[in-house]
Amino acid sequence: MPLHAKQSTYQRTLTVLCSVKNYLCENTLLTLLLLFPGSLKVMLVCGSDLLESFRKSFWIPEQVQAIVRDFGVACIRREAQDVEKMLSDDPILRENKNNIMIVDQFIPNQISSTRIRDCISRGLSVKYLTADEVIAYIQKYHLNTLEPEN
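My aim in this report is to walk through the structure given alongside it, one point at a time. (Residues numbered from 1 in each chain as written. Predicted model: local features only at pLDDT ≥ 70, side-chain atom pairs only at ≥ 80, totals over all residues. Heavy atoms only, no water.)

**Topic: the pairing of strand S2 (residues 73-76)**
With 4 bridges connecting them, strand S1 (residues 44-47) and S2 associate as parallel partners. Bridge pairing in S2 links Cys46 to Cys75. Note: S2 against strand S3 (residues 100-103), 4 bridges, orientation parallel. Looking across to S3, one finds that Ala74 is bridged to Met101. (Pairing = 2+ DSSP bridges. Helix = DSSP H or I, 4+ residues; strand = E, 2+ residues; numbered from the N terminus.)

If you want it as structure tokens, here you go:
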């Protein structure tokens, strides 16, 4: 298990991505990587709401650049968000747009990790929005608070 999963405190996104990549490269997938070089890519999977937060002061610009340049992003488009405009308006995202994969939802929904954490912090039920194990994990590790990257 990667080191970040055992931490009791908040870990920066870039630190987690590096940790996951190192873990995979140092363990059983190393053989696969040697047999099939370039077949593994660790990416940040997020909703377009998080991608939009890259453009705000919540993130350290150098870390945003490292995330999109060195890892890449698989971004799930949320309704009413113009992802193409986000990419064209931000210099870091525009420069690395070939490393950002936009995923359109066939059945749009507004369920996101941010909204689930917000509901839990307000004492609202998320019973049918995610698995019971996920809810228990969020509560156990107090992940229902939003912390900026800085």
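Here the narrative resumes, following the displayed structure.
**Some details on the nonpolar core**
By size, the foremost hydrophobic cluster in this structure holds 22 residues, and its most contacted members are Leu44, Leu51, Phe54, Ile67, Val68, Val73 and Leu93. Going through the elements one at a time, helix H1 (13-26), S1, helix H4 (61-71), S2, helix H5 (83-89) and helix H6 (91-95) are the ones with two or more residues in this core. Of all the elements, H4 adds the most residues to this core, at 5 residues. For Ile67, the contacting residues outside a window of four places in its chain are Thr13, Leu14, Leu17, Leu44, Phe54, Trp59, Gly72 and Val73. Listed in part, the 6 residues of the second largest apolar core include Cys119, Ile120, Val126 and Ile135. (Core = buried A, V, L, I, M, F, W, Y, C linked by side-chain atoms within 4.5 Å. Buried < 20%, exposed > 50% of the residue type's maximum accessible area, 1.4 Å probe, protein only. Contact = heavy atoms within 4.5 Å.)

**Focus: the pattern of salt bridges**
What the rule picks out here adds up to 8 salt bridges. Residues Asp70 and Arg69 are paired through a salt bridge, measuring 2.7 Å at the closest nitrogen-oxygen approach. When its relative accessible area of 40% is taken as the criterion, Asp70 is described as partly exposed. Note on Arg69: relative accessible area 43%, which makes it partly exposed. Asp132 is the partner of Lys127 in a salt bridge, and the nearest nitrogen-oxygen pair spans 3.2 Å. (Salt bridge = Lys/Arg side-chain N within 4 Å of Asp/Glu carboxyl O.)

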